[in-house]
Amino acid sequence: MNTLLYIAWRPDEYLIHIGSAGIRWYGMCWLIGLALGFFMMKWLYKRHNYPDEKFEPLFLYMFISILAGARLGHCLFYEPEYFLTSWDHVIEMFVPIKHLANGSWTFSGYQGLASHGGVIGMLIGLSLYIHRMKMPTWVVLDFFGIVSGLTATFIRLGNLMNSEIIGKVTDVPWAFIFYKVDTYPRHPGQLYEAIAYICFFAIIYFIYRRHPEKVGTGLFFGLCLTLIFTFRFFIEYTKEVQETFEAGLPIDMGQILSIPFIIIGLGAIRHSFKAKPTKV
């Protein structure tokens, strides 16, 4: 196999080194995605005449709920046999430390975040926010439908920089060799998703600019869920299974978890056909 034919992928784990640690590319991609989502959401609130005091608590609700949901989703969906077998491992679900065999603890960061869990956490956080702030449910959901593709793009770029969620071995000319994992050319599944999500964001944003009155009908929320998770279902066929138990399943865990979101998305689109447009 001539490895010169493929893209050698071995980026430094850290964007900035600070002693023996530093700022990781992965964390920076998450930060950029959340920041862009924050500023665009703020713009949407202003454009649709919702006051700052309605918007200001939103980021805290979302930051905590998405991070907690993504972490718990990974632990419970993909590694329950590890995290639920001892109290030490249960602690690792919530605190970014790892219990070593010699009895000591070491800082590990949150290694393992699941996008499906992040979405579940986001929806729980949104329900709490909507109830407390007395915001219209479908308006807030549509705002997130417009913005989410942008944030999801940078999260997947973070996975690419971490050389995680790798694809299956392939001989396509754009294959990546993830040297952090092995020396086989593989589908860059993270890049496929990042490209798809930024395209979905552009499509939804284009529709929004043409029809801003559809905010509050569920259209943008439905389009976001349907497009992203339908793509996620099929792109899983290019990925390696993340955990060994998935090898015995007819479809992997990512596909199983995508199906309910596709159904919810289609339901929201159907709802939008019957809902009355709002004034902007």
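These numbers were taken from a predicted model, which means no experiment stands behind them. (Residues numbered from 1 in each chain as written. Predicted model: local features only at pLDDT ≥ 70, side-chain atom pairs only at ≥ 80, totals over all residues. Heavy atoms only, no water.)

## With respect to the packing of aromatic side chains
Each pair of aromatic rings is reported with the distance of its centres and the angle of its planes.
Next, step 1: The full count for this structure, using the stated rule, is 24 aromatic pairs.
Next, step 2: Each residue in the set Phe38, Phe39, Tyr45, Tyr50, Phe55, Phe59, Phe63 and Phe143 is aromatic and connected to the rest through ring pairs, giving one cluster. (Phe/Tyr/Trp six-rings, centres within 6.5 Å; stacked < 30°, edge-to-face > 60°.)

## Let's talk about the environment of histidine 211
Next, step 1: Locating histidine 211 in the fold gives a position in the loop between α8 (189-210) and α9 (219-235).
Next, step 2: Histidine 211 sits 66 residues away from proline 277 along the chain, and the two C-alpha atoms are 9.3 Å apart. (Helix = DSSP H or I, 4+ residues; strand = E, 2+ residues; numbered from the N terminus.)

## Some words on the pairing of strand β2 (residues 14-18)
Next, step 1: Two elements, β2 and strand β3 (residues 21-24), share four bridges in a ladder whose sense is antiparallel. Its bridge partner lying in β3, isoleucine 16 is registered against isoleucine 23. (Pairing = 2+ DSSP bridges.)

## Remarks on the UniProt feature "binding site: a 1,2-diacyl-sn-glycero-3-phospho-(1'-sn-glycerol)" (unreviewed entry) in the protein
Next, step 1: As annotated by UniProt and renumbered to match this structure, "binding site: a 1,2-diacyl-sn-glycero-3-phospho-(1'-sn-glycerol)" (unreviewed entry) occupies Arg156.
Next, step 2: One can find arginine 156 in helix α7 (residues 137-161). (UniProt positions renumbered as here; feature names shortened; annotations may be inferred.)

## A word on helix α10 (residues 253-274)
Next, step 1: Over its 22 residues, α10 runs 34 Å from end to end, which matches the ideal 32 Å to within 8%, given 1.5 Å per residue.
Next, step 2: By the burial criterion, the buried members of α10 are Met253, Gly254, Gln255, Leu257, Ser258, Phe261, Ile262, Gly265, Ala268, Ile269 and Ser272.
Next, step 3: Contacts from the buried residues of α10 go to α3 (58-78), α6 (115-133), α7 and α9.
Next, step 4: Of the residues that open α10, the one with a side-chain oxygen 3.1 Å from the backbone nitrogen of glycine 254 is aspartate 252. (Expected span 1.5 Å × (residues − 1). Buried < 20%, exposed > 50% of the residue type's maximum accessible area, 1.4 Å probe, protein only. Contact = heavy atoms within 4.5 Å. Polar contact = N/O pair within 3.5 Å; in protein donor to acceptor, adjacent residues only side chain to side chain.)

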